[in-house]
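Close look at the chain arrangement
Read off the chains here:
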Amino acid sequence: MTEAIKATGAPEVPLGTTPAPPAPPHRTWTVILSGLGALLCALDVVVVSTALPALQADFGASLSELEWTINAYNLVFACLTLTGAALGDRFGRRRMYVVGLAVFTLASAAAGLAGNSGQLITARVVQGAGAAVLLPLTLTLISEAFPAEKRGVAIGVWGGVTGLGVAAGPVLGGAVTEGMSWQWIFWLNVPIGLVMLPLAARKLTESHGPRPQLDIVGLVLAAVGLTGLAWAPVRAPEAGWGSTEVLTALVAGVVFVAGFLAWERKGARYPMLTLGLFRRRGFSAANIVGFAGFASLIGALFMITQFFQTGLGYDPLEAGVRILVWNATPLLVSPVAGALADRFGTRPFMLWGLLLQGAGLAWLAAQVEPGVGYGSLVGPLIVAGVGISMVFPSVANAVTSSVPLGEAGVAAGVNNALRELGGVFGIAVAAAVFTTYGGYASRDAFLDGCGPALWVSAGIAAAGALAAVFAPSRAKV
């Protein structure tokens, strides 16, 4: 018996005594640190967007280089997030959270020190890799710390700060760029990261997933496949959807993802993704909702930030302040939605959240015309903001609650990977529609393209609501 206990790595306990219970999780610190980690990752998805003119002036960067200051982060983030979840399962979620946070913080400092666009893009690649480890583990740590029936409020806070980070990026970037310099949009991450590192090491509770070994083949197949699927929409606006580069990337992505699924089903001894999870209606429906919600949000955000500047003539800071009626709603609504989802289930909040998001964006699209006043835009921005504020925590709660606790890390990784891919596709679709109907030749030409692009973003949200209809009323494990 003693040898068997030693073989499992469990502590040896004398006969007749009761093993000491594991240390209780620091739940308040778990929520705080997870929320801050999610906020840092989400902010840097879009915070660079309002600093692009300053970057162009400093570096003399080309349009392609400016695009890659955003795309480099998003692409790596989307493609490695499933890998980050697997690393947490194998080596410890707290340990890998600290590693991801350290990488993110160091890369932020490197971005602030960049002397040319190439150095900045390289730093953004590393920053995306750190975020890919950090973000999925924030949700896993919360799932470990809270029982399912009390998880909604904590995930609501997490969803609130995540949504706030995505939406507040432009206003923060504009304020910092105008008031200080573009470098400070990265330097601000550094003191926050340095304070969080020792707190995370001391206050978070360590946990592991059920897989004793890494699935290296699965990691490579997933990373290459997701890279191909993400590369295509990133490059399509410049190279064209029918170009050899884009079609090759799409085909390669599909082939490698298919190979990954085949390997996980039959070849892997310890598969990084249990495909049986997709047979759970709650898991599959919530991931479709997450993909559609993020595609709609990021596509709309891409157009709205430009609409307020190019279409209405505001500077970056003025535009960001006026969008606050939209991007402040997650902080207020998401915790409430998360708490109510514990009582009433996640389905109504996913369904009505996407319907409100779609209705708000459709209302906004109908207002896009020359001379529109800001007062006409406040109502649709609030409606769309309330909608996405309901979707964020409900999706996260549904995904983690619909799987066994040991699979929470992988479930969070899948959810984050699909969300980030949704954001990439949302921008690609919005940009394609915009260039079809308008362009940047004049303000009127911009408005001609902006309206249809927002209509499409609204339609994506409505399509996602169809998936929410098929979600179970309450997640079942």
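The residue numbering used here restarts from 1 in each chain and proceeds along that chain's sequence as written. Totals for whole chains, interfaces and linings use every residue, but because this is a predicted model, local features are given only for residues with pLDDT of at least 70 and side-chain atom pairs only at 80 or more, for both listing and counting. For side-chain calculations, the full set of non-hydrogen atoms in the structure is used, while hydrogens and water are omitted.

Moving on, we get to the overall build of the chain. A count of helical and extended segments in the chain gives 19 helices and zero strands. Contact criterion: two residues are considered in contact whenever any of their non-hydrogen atoms come within 4.5 Å of each other. Nonlocal contacts in the chain, meaning residues at least 24 apart in sequence, comprise 83% of its contacts between residues at least 6 apart. Total accessible area on the chain is roughly 18,800 Å²; 68% of this is exposed by carbon and sulfur atoms. For helices the rule is a DSSP run of H or I covering at least 4 residues; for strands it is a run of E covering at least 2, with both sets numbered from the N terminus onward. In short, Shrake-Rupley with a 1.4 Å probe defines the accessible areas, and a residue's cover is counted only from the protein chains shown.

The subject of this paragraph is helix α6 (residues 117-145). What a helix should span is 1.5 Å times the count of its residues minus one. Helix length check: α6, at 29 residues, gives a terminal C-alpha distance of 41 Å against a target of 42 Å (1.5 Å per residue), a fit within 8%. Three labels apply to residues, based on accessible area from a 1.4 Å probe with only protein chains included: buried if under 20% of the type maximum, exposed if over 50%, partly exposed otherwise in between. Among the 29 residues in α6, 22 count as buried, and that is most of the element.

Compared with an ideal rise of 1.5 Å per residue, which puts 31 residues at 45 Å, helix α12 (residues 281-311) spans 43 Å between its outermost C-alpha atoms and is within 8% of the ideal. For α12, a buried count of 25 out of 31 residues is recorded, marking the element as mostly surrounded by other parts of the structure. At the exit of α12 stands G313, carrying a positive phi of roughly 85°.

The topology assignment puts V126 in helix α6. Residue V126 is classed as partly exposed on the basis of its relative accessible area, which comes to 39%. Residues V126 and A107, spaced 19 residues apart in sequence, show a C-alpha to C-alpha distance of 5.9 Å. Non-local contacts of V126, meaning those with residues more than four positions away in its chain, are made with V103 and A107.

What follows deals with the nonpolar core. Note on terminology: a nonpolar core comprises buried Ala, Val, Leu, Ile, Met, Phe, Trp, Tyr and Cys residues joined through side-chain atoms within 4.5 Å. In terms of nonpolar packing, the biggest core is built from 97 residues, with Y97, I304, F307, F308 and L454 touching the most fellow members. It is α12 that contributes the most residues to this core, 13 residues altogether. F308 has contacts with G313, Y314, A319, R322, I323, Y374, L377 and L381, leaving out every residue within four places of it along the chain. Residues V47, L55, I70 and A123 belong to the second largest nonpolar core, which totals 13 residues.

The predictor rates its confidence in each residue with pLDDT, a number between 0 and 100. Across the chain, the average pLDDT comes to 80, with 88% of residues at 70 or higher. Ranking the helices and strands of the chain by mean pLDDT puts helix α5 (residues 93-113) first, with 93, and helix α1 (residues 2-8) last, with 39. Low confidence marks residues 1-23, where pLDDT is under 50. Its contacts with residues over four positions away, or in another chain, come to seven contacts.

This brings us to a nonpolar patch on the surface. Together, I216, V220, V224, V251, V255 and F256 make up a nonpolar patch on the protein surface, roughly 500 Å² of accessible area in all. When contributions to the nonpolar patch are tallied by element, the ones reaching two or more residues are α10 (216-239) and α11 (244-267). As for its placement among the helices and strands, V220 is situated in helix α10. Owing to a relative accessible area of 47%, V220 belongs among the partly exposed residues under this scheme. Exposure above 30% relative accessible area and the lack of any salt bridge qualify a residue for a patch; like charges then connect within 9 Å, and the nonpolar side chains Val, Leu, Ile, Met, Phe, Trp and Tyr within 5 Å. Every case where a carboxyl oxygen of Asp or Glu lies within 4 Å of a side-chain nitrogen of Lys or Arg is listed as a salt bridge.

What follows covers the packing of helix α2 (residues 27-46) against α5. Comment: axis = line fitted to C-alpha atoms, over the contacting stretch for helices; angle = value between 0 and 180 degrees taken between N-to-C directions. Here α2 crosses α5 at 35°, and the two axes come no closer than 12 Å. In the packing of α2 onto α5, the handedness of the crossing is left-handed. Residues L33, S34, G37, L40, C41 and D44 of α2 lie in contact with α5, whose contacting residues are Y97, L101 and F104. In the contact of α2 with α5, the residues fall into six nonpolar, two polar and one charged. Each crossing is labelled by how the near helix is turned from the far one, with a counterclockwise turn of less than a right angle marking it left-handed and a clockwise turn marking it right-handed. For this classification, the nonpolar set comprises Ala, Val, Leu, Ile, Met, Phe, Trp, Tyr, Cys and Pro, the charged set comprises Asp, Glu, Lys and Arg, and every other residue, Gly included, is treated as polar.

Take the packing of aromatic side chains next. Pairing of aromatic rings covers Phe, Tyr and Trp, the last through its six-membered ring, and needs centres within 6.5 Å; plane angles under 30 degrees mean stacked, over 60 mean edge-to-face, and all others mean tilted. Enumeration according to the criterion identifies seven aromatic pairs in this entry. Between F307 and F308, the aromatic rings sit 5.6 Å apart at their centres with planes inclined by 75°, giving edge-to-face as the arrangement. A relative accessible area of 0% places F307 in the buried class. Overall, the relative accessible area of 0% leaves F308 in the buried class. Over the ring of F294 we find R419, and its NZ or CZ is 4.7 Å from the ring centre. Over a ring means this: the NZ of a Lys or the CZ of an Arg is within 6 Å of the ring centre and within 35 degrees of the ring normal.

Turning our eyes to something else, we now look at the packing of α5 against α6. Viewed as axis vectors pointing N to C, α5 and α6 meet at an angle of 155°, and their least axial separation amounts to 7 Å. With respect to their mutual orientation, α5 and α6 come out roughly antiparallel. Where α5 crosses over α6, the handedness of that crossing is left-handed. A breakdown of the residues in the contact of α5 with α6 according to their chemical character gives 17 nonpolar, seven polar and three charged. Just so you know how the angles are binned, under 35 degrees is roughly parallel, over 145 roughly antiparallel, 65 to 115 roughly perpendicular, and the rest oblique.

The residue N397 is located in helix α17 (residues 375-401) in this model. Of the residues examined, N397 reaches a relative accessible area of 4% and is grouped as buried. Setting aside residues no more than four positions away along its own chain, N397 makes contact with R151, G152, I155, D342 and T346.

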